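Listed below are the residues making up each chain.
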Amino acid sequence: MPYKVAVLGAGAIAKSHFDAIAKSDSYSACAVADIHLPRAEAVASTYGIRAYQDYRELIVTERPDVVAIALPHFLHKDAAIFAAEHGCHLMLEKPMALNVAECDAIIEAVRKAGVRMLVGHTQHYIAENIQAKRILSSGELGELVMIHDARHLNYFQDSRPQWFLEKDKSGGGILANLGTHSIDKIQWLTDSAVHKVSASTTHFGRRGDVEGSGIIYLELASGIPATIVQSGYLGANRNETEIICTGGMLKLLTGSSLWISRGGPYEQVAPEPIASSFELQYADLLEAIQAQHDPSCTPEYARGVIVALEAVYRAAETGVEQFL
Ligand SMILES: NC(=O)c1ccc[n+]([C@@H]2O[C@H](COP(=O)([O-])OP(=O)(O)OC[C@H]3O[C@@H](n4cnc5c(N)ncnc54)[C@H](O)[C@@H]3O)[C@@H](O)[C@H]2O)c1
């Protein structure tokens, strides 16, 4: 029998979850919940499942084996704890929660209930990223020297739901939402955790109270330095990670392409074809449930991303370098 999955939140990312569930023989979608009921009903009719307005009622009534939490960040903690206490395994969207204290409460509930949790750090499951990590670990480009990660997009676009722009609901702006992807990508590519952080942010967004840009200088436990530069103001879109080694460089355009230089101009590298990132996340969780161990992206790893994010905000507020 496939594992029954319910998705909490019928917003932008819900479709990626349902499509991945539909592609797997080991899962079947059973229900969706959204406080905005017509949104839940529209998704439910597409996938032939039941719609709920109250996610707690869904969990109690449907008793899903797995709950995917695709809710605003301020709801991650309560939803994750309620689902874990009802015996559900968790596919929890990134970032894990608003702050480290909430991550601790989730981990405690997950461990107490004996359920498995995968926090959706998508970066680990994307073809170009996996190929870049493979090249780095092979040593063919020599020693890793530094990483520069740059992201630019209109973060304050009209279509962005308001909760993303209110710090008490989102935990922060572009850095909480997309900076966590970059922190995660850098840590995962290098197998090394953030150790030292300086940061500066600006708050010129035309709505909400979150930061609209950030520049982060960080050092990993391995000693490798990295910069993360993100702007959510108007301009040309960019999502580029440059990885500089002694014997060459990689330019990683996550989700799009990978480029290598061994001294000359960049040449494109074709990553090995793999399933979609969401399918791979669900496969990772499945393996963890069946083998009764943590998925490759452990709850403690996901907590570590929030530890680093909190340090970024502390560094930006105080102007003082933070050590983790
Ligand atoms: N992995 C990725 O690359 C990726 C991409 C996009 C979003 N995300 C993450 O997914 C999560 C959801 O993001 P999104 O873009 O889908 O947001 P969204 O605002 O589009 O969707 C959230 C949905 O939750 C619903 N909701 C709000 N309060 C609720 C409640 N109390 N009960 C039930 N439903 C409620 C809203 O009505 C909305 O439909 C966030 O954690 C976000 O960071 C991850």
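Residues numbered from 1 in each chain as written. Predicted model: local features only at pLDDT ≥ 70, side-chain atom pairs only at ≥ 80, totals over all residues. Heavy atoms only, no water.

Visitor: I tried to follow the side chain of S257 on my own but got confused; where do I start?
Guide: Within the element layout of this structure, S257 appears in strand β13 (residues 257-261). Among the polar contacts listed, one links the side chain of S257 to the side chain of W259, at a separation of 2.8 Å. Those residues in contact with S257 that sit more than four places away from it in its chain are E128, K251, L252 and Q268. (Helix = DSSP H or I, 4+ residues; strand = E, 2+ residues; numbered from the N terminus. Polar contact = N/O pair within 3.5 Å; in protein donor to acceptor, adjacent residues only side chain to side chain. Contact = heavy atoms within 4.5 Å.)

Visitor: Can you walk me through the domain arrangement of the chain in this structure?
Guide: Accessible area lost upon the coming together of the parts serves often as the stated size of an interface. Looking at the chain, the domain boundaries give domain 1 (3-121 + 277-296) and domain 2 (124-275 + 306-323). Computed over C-alpha atoms only, the centres of domain 1 and domain 2 are separated by 26 Å. At the interface, 19 residues of domain 1 touch 19 residues of domain 2. Counting the surface lost from both domain 1 and domain 2, the interface buries some 1,700 Å², and carbon and sulfur atoms represent 66% of this. The element best represented in the side of domain 1 that touches domain 2 is helix α9 (residues 277-291), accounting for five residues. Residues that form the side of domain 1 that touches domain 2 fall into these classes: 10 nonpolar, six polar and three charged. (Domains from an automatic or database assignment. Buried area = accessible area lost by both parts, 1.4 Å probe. Nonpolar A, V, L, I, M, F, W, Y, C, P; charged D, E, K, R; others polar.)

Visitor: Where do I start with the pattern of salt bridges in this structure?
Guide: A side chain of one charge can pair with a side chain of the opposite charge when the charged atoms of the two come close. Considering all chains together, one arrives at 17 salt bridges under this definition. Linking D294 and R116 is a salt bridge whose minimum nitrogen-to-oxygen distance equals 3.7 Å. One end of the pair, D294, is in the loop between α9 and α10 (299-318); the other, R116, is in the loop between α5 (100-113) and β6 (117-120), and 178 residues separate them in sequence. Overall, D294 belongs to the partly exposed group, its relative accessible area being 24%. Judged by its relative accessible area of 16%, R116 falls in the buried class. For D158, the salt bridge is made with R206, and the minimal N-O distance between the two is 2.8 Å. Within this pair, whereas D158 is found in the loop between β7 (144-152) and α7 (167-170), its partner R206 is found in the loop between β8 (194-202) and β9 (213-220), the two being separated by 48 residues in sequence. Take D158 and R206: they sit in the same class, and that class is exposed. A single salt-bridge network, built from bridges that share partners, covers R111, R116, D294 and E300. (Salt bridge = Lys/Arg side-chain N within 4 Å of Asp/Glu carboxyl O. Buried < 20%, exposed > 50% of the residue type's maximum accessible area, 1.4 Å probe, protein only.)

Visitor: Would you take a moment to explain the sheet that holds strand β2 (residues 27-33) for this structure?
Guide: Within a sheet, adjacent strands bond to each other through the backbone by hydrogen bonds, running parallel or antiparallel. A sheet is described by the order of its strands in space; here six strands give the open sequence β3-β2-β1-β4-β5-β6, paired in parallel fashion. Of all strands in the sheet, those bounded by a partner on one side alone are β3 (50-52) and β6. Sheet twist, expressed as the average angle between the axes of neighbouring strands with direction ignored, equals 20°. Taken together, the four bridges between strand β5 (residues 89-93) and β6 define a ladder with parallel strand orientation. Within β6, the position partnered with L90 by the bridge is M117. Sitting on the sheet, helix α2 (residues 37-47) touches β2 and β3, and the angle it makes with β3 is about 165°. (Pairing = 2+ DSSP bridges. Axes fitted to C-alpha atoms, helices over the stretch in contact; angles between N-to-C directions.)

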